[in-house]
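A look at the structure
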Amino acid sequence: MELENLTISKTHRGLIKKEFSALEICQAYLEKIESEDKKINAFLTITKDLALSQAKKVDDMISTGRKIPLISAVPCAIKDIILVEDVKCTAGSKILENYIAPYDATVIKKLKGENCVILGKTNLDEFAMGSSTENSAFFPTKNPHNLARVPGGSSGGSAAAVAADECIFALGSDTGGSIRQPASFCGMVGLKPTYGAVSRFGLIAFASSLDQIGPITKTVEDAKIVFDVIKGKDEMDSTSVESPEIKNWELKIKNLVIGVPKEYFTMPTGRQVKGIDPEVEKVIKQAIKKYEEMGAKVEEISLPHTEYALPCYYIIAPSEASANLARYDGIKYGHSETRNPESEIRNLLDVYLKSREEGFGPEVRRRIILGTYVLSAGYYEAYYLRAQKVRTLVKEDFDKAFRNVDAIFTPVSPTPAFKLGEKIDDPLTMYLSDIFTISVNLAGLPALSLPCGKVDNLPVGLQIIGKPFEESKILEIGKIFEKNL
Amino acid sequence: MITKKDVQHVTKLARLGLTQKEIEKFQRELSKILDYIEKLGDEDKSSSLPFAIARVKEVDISKTEPPLVEAKVKKRTKSSSPVEPTSHSITRALAKGGDEASTSSTEVENIMREDEVKSQKSKVKSQKLMELAPETKNGYLKTKPIL
């Protein structure tokens, strides 16, 4: 079976026309994972029995002549920070190495409800903290385009699995770029939805005011199909909302106004680090020019607080993480020193200290310490409160810009995929690779990462940012580019 | 500059065990990160604020200054209004009202529900949660003594 160009709608057509069965396609992907994933290391867990039973259900439905939803029997992979009932969920951490999820995340419930086939759980940076998937406590994942390069992160396993044709689509989560940057590095489409568009229930929390679940796919059409299945208000996540319908809107390229923020091209990304790679800039500018040639109006805009977004993020995200990760205490679940018969713990404090010391990896500890520090007495106002005010300013920049433009185009990342090991010893340099994606999370906006070209055979992604709840608009805008490629 | 003592203090607050060697490593790394966060503002010559975030002129800095930023902080200009902090970026108003609604962070409303057991099924579920704990007794989580 040819898996390379399979998309959701092609799979659906194949099933309806009985060109292949759901079981056949499921088995083809399981075999592909078995033979290929040794090179890529995208998967942490394979859920073979679950996948086969779901596929069988769809075959039964088809054989009895029942209609099946578009996404039925489509094989997918799930970032290992989203709970799938009775399947291990590690969050890429030793502290959850043997944790079996006691329930389904809402997005998984929705996928299962349409009999989507879950092949397995994908690798990630521990607790989604990282930009290369090298922070996984288990092993690094490799970029299918070049095995010496990282797939990006933190949803690196998800992006690599789709790029290596080990699944048709994958779910990731995005707190500061963790869907868009790996999608860009692996040449895939990634959608970070508006904050609240998709329920976070069953997503292991990193930074709750920034986290969102979204799809990584081969095409924009697939991203839309998956997003439509997983979105919606959920009583289990009180920050989730029903996305409002966009009425009377049809994309006319002649009326489209695209904003290009000048700061993204001129900003130095730090003292030691250069700004955007000139080759990446060229590819992005070509893509923007293409839209212009198709009739869109391109305007330079300004998002003046862009350079404060990264420091702001590295106060807010670790603050929220330090609170969220307090739950790993060695008492309720996860790694616990009380399970170690040789342990010399005497009291409760020892259980906390030891369990957390053994369970958390270096990046997670770094962020817990940073977050605890900036929230501690005497520093709260200097850091956290100020960061939240800057967050308002970053958001207002976007509000102002969106009065005059329909969408904002930027690069996803200043460079294409970097080499394994290149940044792992320098946390700050690693943080800077998120510089173009972070503002979007602070402002809660939807953004699409769209493959738009290559530099040295490595994919480059264009970021299309939209107004809140206008996912369908940015998806339509992305689709035009795909069609005219 | 974050000191070794700071790191030790914070690891205690965070209930995180660290070895001496790690404390030194984190002191170096965190100093570098905090340096980045704080000194970014220095590069902007239009402002003498020491802290990237304080540089933003609208930020209300009239309150008591914490130790870190006491030195070079300028008084907020009178004409600008204070900026409200954002903790929730998307509002209900926006979700209801479509694309023209304001996105100011003050319109967030609380979502409340009763705290009650919903069905028999949740008993099975809570049992499943209890099974994840290393030690339980009579339906309670068991811990080591506090003292």
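So, here's what we can say about the structure. Note on numbering: residues in each chain are counted from 1, in written sequence order. Note on labels: chains are lettered from A, ligands numbered from 1, in written order. Since the coordinates come from a predicted model, pLDDT governs what is reported: local features require at least 70, and pairs of side-chain atoms require 80 or more to be given and counted, while whole-chain, interface and lining totals use all residues. Water and hydrogen atoms play no part in the side-chain values, which are based on all heavy atoms of the structure.

Thoughts on the overall build of chain A
Every helix listed is a DSSP run of H or I at least four residues long, and every strand listed is a run of E at least two residues long, numbered separately from the N terminus. Secondary structure assignment for chain A yields 16 helices and 11 strands. Our radius of gyration is a C-alpha quantity, and the globule rule it is checked against amounts to 2.2 Å times the number of residues to the power 0.38. Over its C-alpha atoms chain A spans a radius of gyration of 22 Å, differing by no more than 12% from the 23 Å that the globule rule assigns to 485 residues. With respect to the principal axes defined by its C-alpha atoms, chain A has extents near 70 × 60 × 45 Å. Looking at chain A as a whole, 68% of its 485 residues qualify as buried. Note on contacts: a residue pair is in contact if any heavy atoms of the two residues lie within 4.5 Å. Of all intrachain contacts in chain A linking residues separated by at least 6 positions in sequence, the fraction that spans at least 24 positions is 76%. The Shrake-Rupley method, run with a 1.4 Å probe, gives the accessible areas here. Residue values count only the displayed protein chains as cover. Accessible surface for chain A amounts to roughly 16,500 Å². Of this, 48% is attributable to carbon and sulfur atoms. The charge count includes Lys and Arg as positive and Asp and Glu as negative, but it does not include His or the ends of the chains. A charge is said to be at NZ when it belongs to Lys, at CZ for Arg, at CG for Asp and at CD for Glu. Charge-centre separation for chain A: the mean point of 61 positive side chains lies 3 Å from the mean point of 65 negative side chains. For the exposure calls, accessible area comes from a 1.4 Å probe over protein chains only, and a residue counts as buried if that area is under 20% of its type's maximum, exposed if over 50%, partly exposed in between.

With respect to the side chain of Thr392(A)
Relative to the elements of secondary structure, Thr392(A) occurs in helix 13 (residues 381-401). Polar contact is defined as a pair of N or O atoms within 3.5 Å, subject to the rule that within protein one atom must be able to donate a hydrogen and the other to accept it, and that residues adjacent in sequence are counted only when both atoms are side-chain atoms. Engagement of the side chain of Thr392(A) in a polar contact is seen with the backbone oxygen of Gln388(A), the distance being 3.2 Å. Residues in contact with Thr392(A), not counting those within four places in the same chain, are Val83(B), Glu84(B), Pro85(B) and Thr86(B).

Description of the interface of chain B and chain A
Between chain B and chain A, the residue contacts involve 70 residues of the former and 81 residues of the latter. The term buried area means the drop in 1.4 Å probe accessible area that two parts suffer when joined, counted for both and summed. Both sides of the chain B and chain A interface together cover about 6,800 Å² of buried area, and 67% of this is carbon and sulfur. The salt bridge definition used is simple: a Lys or Arg side-chain nitrogen within 4 Å of an Asp or Glu carboxyl oxygen. At the boundary of chain B and chain A, one finds 5 salt bridges. With a closest N to O distance of 3.2 Å, Lys128(B) and Asp86(A) form a salt bridge. Along the contact surface separating chain B from chain A lie 15 residue pairs in polar contact (both at pLDDT 80 or more). Among the elements of the structure, helix 1 (4-13), helix 2 (20-39), helix 3 (52-55), helix 4 (92-97) and helix 5 (120-131) of chain B are those that each provide at least two residues to the side of chain B that touches chain A. Of the residues forming the side of chain B that touches chain A, the biggest block, 12 residues, is contributed by helix 2 of chain B.

Some remarks on the environment of Glu344(A)
Residue and element names in this part refer to chain A. On the secondary structure map, Glu344 appears in the loop between helix 10 (306-324) and helix 11 (348-359). A relative accessible area of 72% places Glu344 in the exposed class. When the C-alpha atoms of Glu344 and Lys354 are compared, they prove to be 9.7 Å apart, with 10 residues separating the residues in sequence.

Considerations on the sheet that holds strand 9 (residues 407-411) of chain A
All names here are of chain A. Should DSSP find at least two bridges between two strands, the strands are taken to pair. Sheet architecture is open: 11 strands sit in the order 1-3-2-4-6-5-10-11-9-7-8, paired in mixed fashion. Looking along the sheet, the strands with just one partner apiece sit at the ends: strand 1 (43-46) and strand 8 (297-301). On average, each strand axis in the sheet is tilted by 30 degrees relative to the strand beside it, whichever way the strands run. Here strand 2 (residues 75-79) runs beside strand 3 (residues 117-122); their pairing, made up of 5 bridges, is parallel. In the strand pairing of strand 3, Ala77 is matched with Gly120. Each axis is a line fitted through C-alpha atoms, taken for helices only over the stretch in contact, and angles between the N-to-C directions span 0 to 180 degrees. Those strands touched by helix 2 (residues 22-40) are strand 1, strand 2 and strand 3, and its axis lies near 20 degrees from that of strand 3.

Quick look at the nonpolar core
Residues and elements named next belong to chain A. In plain words, nonpolar cores are sets of buried Ala, Val, Leu, Ile, Met, Phe, Trp, Tyr and Cys residues tied together by side-chain atoms within 4.5 Å. Judged by nonpolar contacts, the single largest core of 177 residues is most densely connected at Phe127 and Tyr291. Looking at this core element by element, the count peaks at 10 residues for helix 10. If near-sequence neighbours (up to four positions away) are discounted, Tyr291 is found in contact with Ile253, Leu256, Ile258, Ala296, Phe409, Leu450, Leu462, Ile464, Ile477, Gly478 and Phe481. Listed in part, the 5 residues of the second largest apolar core include Val150, Phe185, Phe418 and Met430.

So, the packing of aromatic side chains
Residues and elements named next belong to chain A. For this analysis, a ring pair means two rings from Phe, Tyr or Trp (six-membered ring only for Trp) whose centres lie within 6.5 Å, classed as stacked if their planes differ by under 30 degrees, edge-to-face if by over 60, and tilted for the remaining angles. Counted according to the given criterion, the structure contains 17 aromatic pairs over all chains. The interplanar angle of 55 degrees and the centroid separation of 5.1 Å between the aromatic rings of Phe127 and Tyr328 together place this pair among those described as tilted. In this pair, Phe127 is assigned in the loop between strand 3 and helix 5 (156-163) and Tyr328 in the loop between helix 10 and helix 11, connecting sequence segments 201 residues apart. Each member of the pair, Phe127 as well as Tyr328, is classed as buried.

Regarding the environment of Leu349(A)
When you line up the elements, Leu349(A) lands in helix 11. In this structure, the C-alpha to C-alpha distance between Leu349(A) and Asp329(A), residues 20 residues apart in sequence, is 9.6 Å.

Considerations on unusual backbone geometry
The peptide bond linking Gly153(A) to Ser154(A) adopts the cis configuration, its omega dihedral lying at 10 degrees. With respect to the secondary-structure elements, Ser154(A) resides in the loop between strand 3 and helix 5. Phi at Arg15(B) is positive, roughly 55 degrees, even though this residue is not glycine. Structurally, Arg15(B) can be placed in the loop between helix 1 and helix 2.

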